[in-house]
Amino acid sequence: MLRRPVKTQPEPVPPPPGRRKALAELPAHLPSGQREFATALRSLYEETGLSLSELEARLPVSRSTLSRYLRGEGLPDVAVLRLWCELHPAGRERGDAVLGELTALLGRAASPGPAATPAEPRPQPGEPGPRTRFRRLAVVPLVVGVAAAIAIGFWITGPENAETPRRPVTVHNVVQSCQHKDTRPADCSLGLAKDPYLPYSADNRGARVWDDQRLSADCRITDGVVVTDEKGRHSSIWYRVDHAGKRLWLPGIRILPRELGKPGGLPLCTR
């Protein structure tokens, strides 16, 4: 006796690895420059094919910060864009082309156009006219000018004579056997550089530091020599720190990732 074959339901096909949620629409209130840049950055995100978690592991910024960039709510450093474009699957040539486009759009997004000047309303009976209001408000630009002069004076005299913002940073060694040591073995030390624009080598070392050590930073740069850690992550961000009475440079890749993604208002250093 022949039996009819039993029909079975096909097994569900699992979603492809690395599947990501679709990005939400950009806010309608975004200025044209920021919208244009965010749109191009989203294209890079799609072309790269990495999720936010995967990008967080490879870039010196947090997942939440990357999400803000893709929503048009913030502008990244050029160094972050450069590292992001290096992850492009089509190779360096395509990555360089995308980097050039994004850098140009970034400059436009960071330079808002002039605001429109509203028309002068007609004064109502009993209200002062434009000239009277001008005389009353003449003291405002005077005060602003004095404040600007004071600020410029502090800027010219430099950080030695002005109060500069400082922020503690924590040294981070990605090698687990070197983390949270009571002793300081030589093979677990990390170097502080004399110059962040020279090769990160023994000739450029000004001092040694260890994991979990706290240093005080006063400014940062984003275009220094790219430093790669033992896990293959790299960054061109550097922090200027105080150590034993000297001003030296700590690579951003040697700072706790959560601290590196939040510069805490530290200004960019001037050469």
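Draft legend 1. Structural context of the pattern of salt bridges. Applying the stated criterion across every chain, the model contains 10 salt bridges. The shortest N-O distance in the salt bridge between Glu36 and Arg108 comes to 3.0 Å. A residue pair is termed long-range when its members are at least 10 positions apart, and Glu36 in helix 1 (residues 32-48) and Arg108 in helix 5 (residues 92-109) qualify at 72 residues. A salt bridge links Glu73 to Arg71, with the nearest nitrogen and oxygen atoms 3.0 Å apart. Of the residues examined, Arg71 reaches a relative accessible area of 33% and is grouped as partly exposed. When salt bridges with common partners are traced through the structure, they connect Asp218, Arg240 and Arg247 into a single cluster.

Draft legend 2. Region of interest: unusual backbone geometry. The phi angle at His180 is positive, at roughly 55°, despite the residue not being glycine. Accessibility expressed as a relative area gives 60% for His180, which makes it exposed. Positive phi values are uncommon outside glycine, yet Asp212 reaches one of about 75°. Its location among the elements puts Asp212 in the loop between strand 3 (205-209) and strand 4 (214-221).

Draft legend 3. Representation of helix 3 (residues 63-70) in the model. Regarding helix 3, the residues found buried are Thr65, Leu66, Ser67, Tyr69 and Leu70. In the core, the buried residues of helix 3 are packed alongside helix 1, helix 2 (52-58) and helix 4 (78-85). Two residues or fewer past helix 3, Gly72 is found with a positive phi of approximately 80°.

Draft legend 4. Representation of the pairing of strand 2 (residues 190-193) in the model. Neither face of strand 2 is open: one carries Leu190 and Leu192, the other Gly191 and Ala193, and all of them are buried. Two elements, strand 2 and strand 3, share 4 bridges in a ladder whose sense is antiparallel. Across the sheet, Gly191 pairs through a bridge with Arg208, a residue of strand 3.

Draft legend 5. Inspection of the environment of Trp210 at higher detail. Residue placement: Trp210 occurs in the loop between strand 3 and strand 4. A residue is classified by how much of its surface remains accessible, and Trp210, at 16% relative accessible area, is buried. The spatial distance from the C-alpha of Trp210 to the C-alpha of Arg254 is 9.8 Å, given a sequence separation of 44 residues. Each residue touching Trp210, except ones within four places of it in the same chain, is listed here: Val171, Arg184, Pro185, Cys188 and Ser189. At a separation of 2.9 Å, a polar atom in the side chain of Trp210 contacts the main-chain carbonyl oxygen of Pro185.

Draft legend 6. Representation of the confidence of the model for the protein chain in the model. Residues at a pLDDT of 70 or more form 71% of the protein chain, whose mean pLDDT is 77. Within the model, the stretch residues 113-123 combines pLDDT values under 50 with 6 contacts to residues more than four positions away or in other chains.

Draft legend 7. Just the pairing of strand 4, in detail. Among the 8 residues that make up strand 4, 6 are buried, leaving the element largely enclosed by the rest of the structure. As paired strands, strand 1 (residues 167-170) and strand 4 are joined by 4 bridges and run antiparallel to one another. Bridging from a neighbouring strand, Val169 pairs with Leu215 of strand 4.

What counts and how
Residues numbered from 1 in each chain as written. Predicted model: local features only at pLDDT ≥ 70, side-chain atom pairs only at ≥ 80, totals over all residues. Heavy atoms only, no water. Salt bridge = Lys/Arg side-chain N within 4 Å of Asp/Glu carboxyl O. Helix = DSSP H or I, 4+ residues; strand = E, 2+ residues; numbered from the N terminus. Buried < 20%, exposed > 50% of the residue type's maximum accessible area, 1.4 Å probe, protein only. Contact = heavy atoms within 4.5 Å. Pairing = 2+ DSSP bridges. Polar contact = N/O pair within 3.5 Å; in protein donor to acceptor, adjacent residues only side chain to side chain. pLDDT = per-residue confidence, 0-100.

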